[in-house]
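Breakdown of the fold
In case you want the letters, here they are:
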Amino acid sequence: MYWDIELPSYRRDTFLNESISLLAKIGDITNQTQIVQALNARERQGNTLLSQTLALPHAQSGGILTTVIAYVKTKKPISDWQAGCTVDRFIFILLPEHLSNHESRELKAFFRLLADDRVMELLSTGSELAVKTMIDNQQFTSHEGAVNGGNINPGSIGSQHHTYKSGGRE
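Remember, predicted model here, so these are calculated numbers, not experimental data. (Residues numbered from 1 in each chain as written. Predicted model: local features only at pLDDT ≥ 70, side-chain atom pairs only at ≥ 80, totals over all residues. Heavy atoms only, no water.)

1. Section: the nonpolar core
Counting 27 residues, the largest nonpolar core has Phe 15, Leu 23, Phe 92 and Leu 94 as its most contacted members. When contributions to this core are tallied by element, the ones reaching two or more residues are β1 (2-5), α1 (12-23), α2 (32-45), β4 (68-74) and β5 (89-96). If sequence neighbours within four positions are ignored, Phe 92 has contacts with Phe 15, Leu 16, Ser 19, Ile 20, Leu 23, Leu 39, Pro 57, Val 68, Ile 69, Ala 70 and Val 72. Among the nonpolar cores identified, the runner-up in size contains 19 residues, and Trp 3, Leu 56, Leu 107 and Ile 135 belong to it. (Core = buried A, V, L, I, M, F, W, Y, C linked by side-chain atoms within 4.5 Å. Buried < 20%, exposed > 50% of the residue type's maximum accessible area, 1.4 Å probe, protein only. Helix = DSSP H or I, 4+ residues; strand = E, 2+ residues; numbered from the N terminus. Contact = heavy atoms within 4.5 Å.)

2. So, the pattern of salt bridges
According to the stated counting rule, one finds 7 salt bridges in the structure shown. The salt bridge involving Arg 11 is made with Asp 80; its shortest N-O contact spans 3.2 Å. Note that Arg 11 is positioned in the loop between β1 and α1 and Asp 80 in the loop between β4 and β5, a separation of 69 residues in sequence. Residues Glu 43 and Arg 12 are paired through a salt bridge, measuring 3.7 Å at the closest nitrogen-oxygen approach. Residue Glu 43 is found in helix α2, and its partner Arg 12 is found in helix α1; the two are separated by 31 residues along the sequence. Judged by its relative accessible area of 9%, Glu 43 is buried. Relative accessible area serves as the criterion here: at 22%, Arg 12 is assigned to the partly exposed category. (Salt bridge = Lys/Arg side-chain N within 4 Å of Asp/Glu carboxyl O.)

So, in structure tokens, the structure goes:
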């Protein structure tokens with residue numbers, strides 16, 4: 001989870017480049033340019049808004065070696081993400097070309113969690129503490145029982161890594 005990240009420009013291209021640079025530190029990303037291109041290609045297919053303030057940029061690429069799910073909140077909204085929206089919260093989902101059965105089950109469980117209106121409201125408008133607490137404590141399960149010990153892992157599903165940054169501080 002990255003909170004109130006500051007950017008040199010609050011435009012989509014700058015945001016995606018900066019975000020992938022940050023996420024490369026927590027996941028096995030071998031080609032950042034390829035990932036940004038994949039994210040932009042997905043956005044051209046249709047918007048990824050989940051609410052007026054929350055988007056779900058996602059990509060699947062050979063440049064991604066382990067699944068990464070990350071929550072990012074920018075200090076200011078991204079000006080050109082979607083007309084009429086103040087999008088400043090993002091859930092990035094970066095997937096390798098081939099998912100393991102375990103990763104597929106975890107991803108399905110994560111998407112079931114997003115279907116909960118209370119979770120969506122919190123991710124869309126909640127305070128830093130509320131979002132962090134929810135991510136740290138949220139339980140979700142797959143058909144085979146608890147996933148990741150029952151907790152969402154806001155870093156990378158594959159590597160069980162956890163990162164939390166607020167205002168550029170660890």
